[in-house]
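Single-letter residue listing:
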Amino acid sequence: MSTTQGVKPSNPQAFQPFVAPSETRPELTVRAIVLGCIFGLLFGAVTVYVGLEAGLTVAASIPIAVLSISVLRALGRASILENNIVQTTGNAGQSIAAGVIFTLPALIFLGFDLEYFRIFVLAMLGGWLGVLFMIPLRRQLIVEEHGNLTYPEGTACADVLLAGERGGSFASRVFLGLGLGGLYTLFQNSSIFGAWPDQPDYQPNWGRQHIMKGSAIRVDAVPEYLGVGYIIGARVAGTMFAGGVVSWLVVMPAIYFFGSHMPGALYPATKPVTQMSPGDMWSAYIRPMGAGAVAASGLITLLRTIPTIVGALKAGLGNLRKSAETAAGEERTQRDLPMSVVVGGSALLVALIWIFLTFKPVPGAQTGMLANLAAAMLIVVFGFLFVTVSSRIVGLIGSSANPISGMTIATLMATAAVFLVKGWTAPAFGALAITVGGVVCIASANAGDTSQDLKTGFIVGGTPWKQQVALMIGVCISTFAVGLTLNAMNRGFEEFHSMSKPWDIAAPHDGVQNQGAFTRKEIHVMLPAGTAGNQSAETEAGSQYILLNALGSHELADGKYLYNPQTKTIEVQWIQGIGSERAAAPQARLMATVINGILRQQLPWGLVLLGVFLVIAIELMGIRSLTFAVGSYLSIATTLAIFVGGVVRWMVDRAMAKAGEATEGESEISPGSLYASGLIAAGGIVGLLGVGLKLVEPFGENILQLPRTFIHNDWVAVGMFVLLAYSLYYFARKPLGKK
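Residues numbered from 1 in each chain as written. Predicted model: local features only at pLDDT ≥ 70, side-chain atom pairs only at ≥ 80, totals over all residues. Heavy atoms only, no water.

Asker: Summarise the confidence of the model for the protein chain; cite the residues concerned and give the values.
Answerer: Looking at the protein chain as a whole, the pLDDT averages 83, with 89% of positions reaching at least 70. For the protein chain, per-element mean pLDDT is lowest for helix α11 (residues 306-325), which scores 58, and highest for helix α22 (residues 714-733), which scores 94. Here residues 1-10 is modelled with pLDDT under 50, and outside its nearest four sequence neighbours on either side it reaches 16 contacts, counting other chains as well. (pLDDT = per-residue confidence, 0-100. Helix = DSSP H or I, 4+ residues; strand = E, 2+ residues; numbered from the N terminus. Contact = heavy atoms within 4.5 Å.)

See the structure below:
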């Protein structure tokens, strides 16, 4: 039962928190901050890993609260307010990571490098802005509208903390998922033991007519996708998988059917359809179509929420006056950071943004002081607007349904339109636009989760200013993990593929930029597959090449290439880790598509509009299209694995309904959701271990790889994934407290 049940919205003062305002308990302690920072680093890294692959994130506050109760209880007598500080500090990592991965990887798609220092600074500034802009809104949103704005995740987290204070323990189920999921991933991950294939793959090609050629059925058999699918449920997971089915089993075979008779390349691909693998088709045709689908569904979602946004903005502006009038003489549970800190800190952050953009621009994207000042002002305007909107919307519909992507699209469209009117259309201004959108997205995402955390604190009796300090600390610390993970995945998943294309580097090539000498000493180049399907590799000196960057070219697909001046040939295609099938980053691809469409008018509009009208058709059927659109962009390997998790959730709910028990959907702290959270954490942690090993291992040699035996077979991989899915079903049906 919700702890807020029975509270009258018209009389918020009637509500009494668990810890009375007159009572003092340990709260902002060193051990709470340290433990929260550890969880922030951990869940920030896991969110980046899972979010780049799956295109979505899951809330971290409840798993952190569950783990905090267990850890602090083992360390000695723990206060409920300490546990609240731990989850507040740690949850900042998840929200910052979500804002970062939805936007900043777009720099890669725009042809720029993704620097660690840039990620760190923008994430920290955006996160702090989100906290500061939300503080004046807390009193009205959290206190005065306590009965109207439920803040579902914040209320559920308070329920967990209260149950833990009364002696409840849920951590064993999380640790069980963490242990079994981690053990499974050690043997499944190809960068560690690789005992069986990590992605079973079947490519249909039936009969003399080559029926279904061009399609593929594959699954990323990893525990994190299984856990994500279980948490989001069968309906959402099924809708996402439907998008993958349309792209991979309808559109791609159709492209092969109609395009296989063409001797040349079909734009935007650069080689004939008959020579393209399913992965090539996904990269050339499905990604632009999927980006159009995600853009259209994001705008539809934004338009649908305009009444809520307008109401939230009006209420938020009114709240500022009310907060200022009632700021003096409050009880402990009503004390925020002073308005002088809010106003002064916000002004300082905006000045720092302008200084950073002016004196530390994106390499190759220098812009003037006036443009940087305009960008800083746009961040203030859109930042405050969407922080206000986000803080209120999550109180109505929860953080998971918060239309952050739609708000960011609106920010980018308005920013790019301003730049277009001013004539600022060079590639450098695309990088500046994504910087504006990135900071606003990070601020909005963090403000939404900040509101949930403050709601939790309001229910349990926390001190607001102490939570706000904890949030600032959590933002600062978690950004270390976010930037490192982002760069590690981009480097760990990258591939260098051998190719041969004669190239006159002295001649002008529209959309291709010479970026100078390649700086890597050595690269590991994948050679074309042999007749048996085996692919070999060789190590080559990187210093012999010149780096080319293609963006909107009709001669080369978008991406980076290595040109050998000795042979006058492009010999290597450098496939970045982010944007590949392993880490698709659909939201960031969408942001790059919006910017290119407005500033450069360089898009395969036929494919983009195909995605747009596909989404319109889905909306006409009465289905919310955003989940479908994301699924149409992602690899079917991702959506199929998530769908399996959704099927397990459906089976559990059906079994529990037959038994007359409360279904999983009725509880945020059910056995299945806790076990699934452990699977997600396990997949992310051990997966990052695999990325780290790949970065340090000798070229082409995995020293931990187990010998290839009969178990290195696709059917074995499928069987092991089914066993893991059964473990999720089994432990979801077993009540908490039972072994």
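That was the structure; now back to the text.
Asker: Could you give an account of the pairing of strand β9 (residues 569-575), naming the residues involved and the relevant values?
Answerer: Burial runs high along β9: five of the seven residues are buried. Pairing between strand β3 (residues 495-502) and β9: six bridges, direction antiparallel. For Pro-502, the partnering residue across the bridge sits in β9 and is Thr-569. As paired strands, strand β8 (residues 559-564) and β9 are joined by five bridges and run antiparallel to one another. Within β9, the position partnered with Tyr-561 by the bridge is Gln-573. (Buried < 20%, exposed > 50% of the residue type's maximum accessible area, 1.4 Å probe, protein only. Pairing = 2+ DSSP bridges.)

Asker: Explain the nonpolar core to me, and be specific about the residues and the numbers.
Answerer: Core analysis: the largest hydrophobic core is formed by 192 residues, its most contacted members being Leu-52, Val-100, Tyr-285 and Leu-486. In terms of residue count, helix α15 (residues 427-460) provides more of this core than any other element does, 16 residues in total. Not counting the four nearest positions on each side in its chain, Val-100 is found in contact with Pro-105, Ile-119, Ala-123, Ile-442, Val-482 and Leu-486. One finds Ile-523, Val-525, Leu-562 and Val-572 within the second-largest nonpolar core, a separate group that totals nine residues. (Core = buried A, V, L, I, M, F, W, Y, C linked by side-chain atoms within 4.5 Å.)

Asker: Outline α22, listing residues and values.
Answerer: Count 3.6 residues to each turn of an α-helix, and residues three or four apart come out pointing the same way. Taking 1.5 Å of rise per residue, the 20 residues of α22 would be expected to cover 28 Å, and the 29 Å separating its terminal C-alpha atoms lies within 8% of that figure. The set of residues buried in α22 consists of Ala-717, Phe-721, Leu-724, Ala-725, Ser-727, Leu-728, Phe-731 and Ala-732. Buried residues in α22, looked at end-on, bunch into an arc of 145 degrees, giving them a common side. Within α22, the exposed residues directed more than 90 degrees away from the buried face are Trp-715, Leu-723 and Tyr-726. Where the residues of α22 are buried, they touch α8 (171-188), α9 (223-259), α20 (636-658) and α21 (671-696). The N-cap residue of α22 is Asn-713: its side-chain oxygen and the backbone nitrogen of Trp-715 are 2.7 Å apart. (Expected span 1.5 Å × (residues − 1). Arc of directions from axis to C-beta. Polar contact = N/O pair within 3.5 Å; in protein donor to acceptor, adjacent residues only side chain to side chain.)

Asker: I'd like a description of helix α12 (residues 339-359), backed by residues and values.
Answerer: The end-to-end C-alpha separation of α12 is 30 Å, in line with the 30 Å expected for 21 residues at 1.5 Å each. Among the residues of α12, those classed as buried are Val-342, Gly-345, Ser-346, Leu-349, Val-350, Ile-353, Phe-356, Leu-357 and Thr-358.

Asker: Talk me through the sheet that holds β9; I want residue IDs and the actual numbers.
Answerer: Within a beta sheet, neighbouring strands are joined by backbone hydrogen bonds and run either parallel or antiparallel to one another. Taken together, the seven strands give an open sheet; going across it, the order is β4-β7-β8-β9-β3-β5-β6, and neighbouring strands pair in mixed fashion. Either end of the sheet is taken by a strand with one partner, and the two such strands are β4 (512-517) and β6 (537-541). Each strand axis lies, on average, 40 degrees off the axis of its neighbour in the sheet, ignoring direction. (Axes fitted to C-alpha atoms, helices over the stretch in contact; angles between N-to-C directions.)

Asker: Could you give an account of empty space enclosed by the protein, with specific residues and numbers?
Answerer: Take a probe with the size of a water molecule and roll it over the atoms, and the empty space left behind shows itself. One pass over the structure, following the stated rule, counts four cavities of 30 Å³ or more. In this structure, the largest cavity occupies an estimated 160 Å³ of space. Elements that contribute at least two residues to the lining of the largest cavity include exactly α1 (30-54), α9 and α21. Considering every element that reaches the lining of the largest cavity, the biggest residue donor is α1, with five residues. (1 Å grid on protein atoms, 1.4 Å probe; cavity = no way out; pocket = protein on both sides within 12 Å on 5 of 7 lines; lining within 4 Å. Points joined across faces, edges and corners; volume = space filled by probe spheres on them.)

Asker: How would you explain the pattern of salt bridges if you had to name every residue and give the values?
Answerer: Once their charged atoms are close, side chains differing in charge can pair, the charge on each being opposite to the other. Inspection of the entire model under this criterion finds nine salt bridges. Between Arg-25 and Glu-23 there is a salt bridge whose closest N-O contact spans 2.7 Å. The salt bridge involving Arg-118 is made with Glu-115; its shortest N-O contact spans 3.0 Å. Residue classification places Arg-118 among the buried positions, given a relative accessible area of 2%. Within the structure, one salt-bridge network assembled from shared partners comprises Arg-491, Glu-494 and Arg-520. (Salt bridge = Lys/Arg side-chain N within 4 Å of Asp/Glu carboxyl O.)

Asker: Go over the state of the cysteines with me, naming the residues and quoting the values.
Answerer: The full count for this structure, using the stated rule, is zero disulfides. Cysteine Cys-476 shares no disulfide, and the gap to the nearest cysteine sulfur, in Cys-37, comes to 8.6 Å. For Cys-476, a relative accessible area of 24% translates into the label partly exposed. (Disulfide = S-S within 2.5 Å.)

Asker: Let's hear about the pairing of strand β5 (residues 522-526): which residues, and what values?
Answerer: Burial of the side chains of β5 is restricted to one face: Ile-523 and Val-525 are buried, whereas none of Glu-522, His-524 and Met-526 on the reverse face is. Alignment of β3 against β5, held across two bridges, turns out to be parallel. Residue Phe-496 lies in a different strand from β5, and its bridge partner there is Val-525. Bridge count for β5 against β6 is five bridges, and the pairing is antiparallel. When the bridges of β6 are listed, His-524 appears paired with Thr-539.

Asker: Give me the packing of aromatic side chains: which residues, what numbers.
Answerer: Summed over all chains, the structure comprises 21 aromatic pairs. With a centroid separation of 4.8 Å and 50 degrees between ring planes, the pair formed by Phe-120 and Phe-480 is classed as tilted. Of this pair, Phe-120 sits in helix α5 (residues 116-134) while Phe-480 sits in helix α16 (residues 464-492), and the two are 360 residues apart along the sequence. The structure contains a cluster of three or more aromatic residues connected by ring pairs, namely Tyr-675, Tyr-726, Tyr-729, Tyr-730 and Phe-731. It is Arg-582 that lies over the ring of Phe-493; its NZ or CZ is 4.2 Å from the centre. Between Arg-589 and the ring centre of Phe-109, over which it is positioned, the NZ or CZ distance is 3.9 Å. (Phe/Tyr/Trp six-rings, centres within 6.5 Å; stacked < 30°, edge-to-face > 60°. Lys NZ or Arg CZ within 6 Å of the ring centre and 35° of its normal.)

Asker: Which residues make up the environment of Phe-170, and what values do they have?
Answerer: Mapping Phe-170 onto the fold places it in the loop between α7 (152-165) and α8. Classification of Phe-170 by relative accessible area gives buried; the value is 10%. Taking the C-alpha atoms as reference points, Phe-170 and Tyr-675, separated by 505 residues in sequence, lie 9.8 Å from one another.

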